[in-house]
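What follows is each chain in one-letter form.
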Amino acid sequence: MAFFDPAKFTEEAITSLKSQLNSKAIIAASGGVDSTVTAALAAKAVGDNLLAIYVDTGYMRLGESDFVSSMLEELGIQHKMVDASERFYKGLRGITDPEQKRKIIGELFIRVFEEEAKDYGGKFLVQGTIAPDWIESGGGLRDTIKSHHNVGGLPEDMEMELCEPIRELYKDEVRSLAEYLKISVSQRQPFPGPGLAVRIMGEATPERTKVVRQACHIAEKEMELAAERNEMELPWQYFAVLIPIKTVGVQGDVRAYGNTVAVRAVHSYDAMTAQAVDLPYSVLKKISERITRELKSDVNRVVYDITDKPPGTIEWE
Ligand code: XMP
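Residues numbered from 1 in each chain as written. Predicted model: local features only at pLDDT ≥ 70, side-chain atom pairs only at ≥ 80, totals over all residues. Heavy atoms only, no water.

A look at the packing of helix α1 (residues 6-20) against helix α7 (residues 171-180)
Helix-helix packing is characterised by the crossing angle of the two axes and by the distance between the axes.
Inference 1: Between α1 and α7, the shortest axis-to-axis distance is 9 Å and the interhelical angle comes to 85°. Looking at the two axes, α1 sits roughly perpendicular to α7. Where α1 approaches α7, its residues P6, A7, F9 and T10 are matched on the opposing element by S176, L177 and Y180.
Inference 2: For the contact of α1 with α7, the residue count by class is five nonpolar, two polar and no charged. (Axes fitted to C-alpha atoms, helices over the stretch in contact; angles between N-to-C directions. Helix = DSSP H or I, 4+ residues; strand = E, 2+ residues; numbered from the N terminus. Parallel < 35°, antiparallel > 145°, perpendicular 65-115°, else oblique. Contact = heavy atoms within 4.5 Å. Nonpolar A, V, L, I, M, F, W, Y, C, P; charged D, E, K, R; others polar.)

Details of the sheet that holds strand β4 (residues 124-126)
Pairing between the strands of a sheet comes from backbone hydrogen bonds, and it takes one of two forms, parallel or antiparallel.
Inference 1: The strand order β3-β2-β1-β4-β5 describes an open sheet built from five strands, whose pairing is parallel. Edge positions in the sheet fall to β3 (79-83) and β5 (161-163), since each has one partner strand and no second. Direction aside, the axes of adjacent strands within the sheet are offset by 30° on average.
Inference 2: Across five bridges, the pairing between strand β2 (residues 50-56) and β3 is parallel. Among the inter-strand pairings, D56 is bridged to a residue of β3, identified as D83. (Pairing = 2+ DSSP bridges.)

A closer look at the UniProt feature "binding site: ATP" (unreviewed entry) in the protein
Inference 1: The feature "binding site: ATP" (unreviewed entry), as annotated in UniProt, sits at S30, G31, G32, V33, D34, S35 and T36 in this numbering.
Inference 2: Considering the arrangement of structural elements, one finds D34 in helix α2 (residues 33-46).
Inference 3: Judged by its relative accessible area of 14%, D34 falls in the buried class.
Inference 4: For D34, the residues in contact, after removing those within four places along its chain, are G128, I130, I166, K171 and V174.
Inference 5: Assignment of secondary structure puts T36 in helix α2.
Inference 6: According to the relative accessible area criterion, T36 is buried, its value standing at 2%. (UniProt positions renumbered as here; feature names shortened; annotations may be inferred. Buried < 20%, exposed > 50% of the residue type's maximum accessible area, 1.4 Å probe, protein only.)

Structural data, given as structure tokens:
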């Protein structure tokens, strides 16, 4: 494979974006590395003729909206934060089927995004599509497993023109480009488009979302701290899942009847296959103690998922 030169790529991408984007453009900024790199390149090319739109679906990580907002600010990217959480919670009310959840979230996302684009008068839609996204979708294999909503979810009658400056790049190249552009999320773990909704088995209510958000935060934090102490390598992806199946426990000397949280940590290269990580027992123990203590009224049991992909997938839904 040819050597990837981020400086040369940046220079060429900016030149080509400058000539292509001759009118207002928008980009959906998720806070992930692909869309942030793309937004940074487009902003360098057209400045305030680009608006990055971040949709808070209500299923984001703890502190995510503030984090993304300050990152875009630092990068000098004009942006708008849209809190659509109530709309998403309402849309998912009573929905338990994983594919239905994904479809509803995907559609709502596009609807909110289109409204914002119309408001701004964007003629171009810039997207952070990378090579595996379209290769996997084209192959048809992936989408029969789960409907990813960043590819193929665009309405057929979309009036904006699509612009995908990093569509030929692979993840490692995007990460090296992010480092070159001084983007803090260059090594950040992936986060699924449908967010925490696919980490809640069953109905993704606002109450359950709060629980899984905190459980994910604890699992992430404890693994990151352990990695900083050199007790383990930071996994490729790591999070928690809420299983609303109640089991009997005991808190103090009182009977408890609460939900279960599963912790997941995997190594992967390209997300097509993954191996469950052999986490140090002390780290698992700390995560379990914190989750059952800090989420005492909701969770009284923590388990560790040791399934590889295949036969599992990385996310549970
Ligand atoms: P699975 O669960 O299919 O996930 O093994 C593979 C990788 O993709 C992420 N993922 C998504 N990313 N939109 C995305 O942009 C989605 O709808 C989506 N679903 C899963 C998942 O977190 C893992 O890194």
